[in-house]
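For reference, the chains in residue letters:
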Amino acid sequence: WQLQNECLAAAFSTAVAATCGIPGGRDTCHKAKKQISQQIAEKLTEEGNQLLPRLLARLDHPAFYFSGLKLLYACCHVSQNLCSLVATQEVLSSLINNLQGKVPLAKEAQVQAAEASLRLLSVLLLQLQSLPPQSDIVLKETTELFNYVATPSVLSSAGLLLTHLSQYGATVKLRRDEAFAAIATALTEPAELCLPPPMEAGFYDGLILLLLQLLSQEDAAVVREFTGSDLWSIMWHRFAMVLCLTKGVPVMEDETPRVDQCVPEPEWNLISPQGTLFFLSLALHIFQREPHQCLLQLAQPSGVIMATLNRLLSLDYLENLART
């Protein structure tokens, strides 16, 4: 009976989590799902209600971890009160266990648990606008994941959380070469979203901002080397793909996107309008630091950089941007 009850509870938890909407998700029923998230958040935060303690107690259970994290993630987007109740030592210890891979799960499930935990930590940080308890451990484990886990979804969620931690006063220290390699991996491999990034951010937003922060601290020699690197080329090709100038994975100089290949709607779930500003800030920073090298690249009229910049100035792109 206990096993049967657990299976029923797990199925119910999965079904409830599926009804919740997360901002940034491409879902035709998003407005209705957001209302469901608000209703569930109100129930979870009712005084004397035991639903939240029961949910939190099951976060380490293999049958409940993902649906529980997804449910909390969706509801925390619409309830600061819930965020305050979730950001406790006990819950954060559970999330840290997920980051450390201590929960007995299959390898693929451990990756999902780590990604979902990183996403939930980001939304807690953004909603409460302060570093959570055990933020030093969160920072350490997030940095470890960013340096050593070559899964794009984890790199995306870890990179975004690192930028948020830095924004609220944490000191983020990354080794440049390892960070560049991690960002190149995330930009090259297909973007598979387990959960949409928080607060309508794009999949690549945190990686672009992290790259900007890293290069802002480097000297001229490093910036000059970067303009001739594979990562610089990968970055432009990936952004061109997000703008629908080309299809498939980023390529090197042997394939250049054409403006006439574009599709009207950019993939905002990959790079949001805010992420586009990060990208342009990064490009401007590089252009200002290495104008001669960049002028040579801008002088190629059929190159990816000019095609991308032309797309950003096109009327259909600006109209799409105005509708977001």
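An account of the accompanying structure is given in this report. Please read all numbers here as calculations on a predicted model, not as lab measurements.

Reading the values: the criteria
Residues numbered from 1 in each chain as written. Predicted model: local features only at pLDDT ≥ 70, side-chain atom pairs only at ≥ 80, totals over all residues. Heavy atoms only, no water. Helix = DSSP H or I, 4+ residues; strand = E, 2+ residues; numbered from the N terminus. Contact = heavy atoms within 4.5 Å. Buried < 20%, exposed > 50% of the residue type's maximum accessible area, 1.4 Å probe, protein only. Polar contact = N/O pair within 3.5 Å; in protein donor to acceptor, adjacent residues only side chain to side chain. Phe/Tyr/Trp six-rings, centres within 6.5 Å; stacked < 30°, edge-to-face > 60°. 1 Å grid on protein atoms, 1.4 Å probe; cavity = no way out; pocket = protein on both sides within 12 Å on 5 of 7 lines; lining within 4 Å. Points joined across faces, edges and corners; volume = space filled by probe spheres on them. Nonpolar A, V, L, I, M, F, W, Y, C, P; charged D, E, K, R; others polar. Expected span 1.5 Å × (residues − 1). Axes fitted to C-alpha atoms, helices over the stretch in contact; angles between N-to-C directions. Parallel < 35°, antiparallel > 145°, perpendicular 65-115°, else oblique. Left-handed = near helix turned anticlockwise from the far one by under 90°.

1. Brief notes about the environment of Leu231
With respect to the secondary-structure elements, Leu231 resides in helix H13 (residues 230–242). On a C-alpha basis, the gap between Leu231 and Ile183 in space is 8.0 Å, while along the polypeptide they are 48 residues apart. Ignoring sequence-local partners within four residues, the contact set of Leu231 consists of Phe180, Ile183, Ala184, Leu187, Leu211 and Phe226.

2. Thoughts on the side chain of Ser67
You can see Ser67 is positioned in helix H4 (residues 65–76). Judged by relative accessible area, Ser67 falls into the buried class, the value being 7%. Of the polar contacts made by the side chain of Ser67, one reaches the backbone oxygen of Phe64; its length is 3.3 Å.

3. A word on the packing of aromatic side chains
Counted under the stated rule, the structure contains 10 aromatic pairs. Taken together, a centroid distance of 4.0 Å and an interplanar angle of 25° make the contact between Phe239 and Phe279 stacked. In this pair, Phe239 sits in helix H13 while Phe279 sits in helix H14 (residues 273–289), placing the two residues 40 residues apart along the sequence. When sorted by exposure, Phe239 lands in the same class as Phe279, which is buried. An angle of 45° between the planes, with centres 5.9 Å apart, marks the rings of Trp268 and Tyr317 as tilted.

4. Things to note about unusual backbone geometry
Phi angles above zero are rare outside glycine, and Gln134 is one such case at about 60°. Its location among the elements puts Gln134 in the loop between helix H7 (107–128) and helix H8 (135–148).

5. Here we look at the layout of surface pockets
The calculated volume of the largest pocket comes to roughly 410 Å³. Elements supplying a minimum of two residues to the lining of the largest pocket: helix H1 (2–19), helix H2 (30–44) and helix H3 (51–57). With 4 residues, the single largest contributor to the lining of the largest pocket is H1. Its residues assigned to classes, the lining of the largest pocket comprises 9 nonpolar, 1 polar and 3 charged.

6. Let's talk about helix H9 (residues 152–167)
With 16 residues, H9 should cover 22 Å at 1.5 Å per step; its first-to-last C-alpha distance of 22 Å lies within 8% of that length. Taking burial as the measure, the 16 residues of H9 include 14 buried ones, the bulk of the element. Gly169 lies just past H9 and shows a positive phi near 105°.

7. Some details on the packing of H7 against H9
One way to put it is that H7 packs onto H9 with a least axis distance of 9 Å and a crossing angle of 25°. Between H7 and H9, the crossing angle belongs to the class labelled roughly parallel. Here H7 runs over H9; the crossing is left-handed. For the pair H7 and H9, contact is made by Val111, Glu115, Leu118, Arg119, Leu121, Ser122, Leu125 and Leu126 and by Ser153, Val154, Ser156, Ser157, Ala158, Leu160, Leu161, His164 and Leu165, respectively. Residues belonging to the contact of H7 with H9 are distributed by class as follows: 10 nonpolar, 5 polar and 2 charged.

By themselves these figures say nothing about function.
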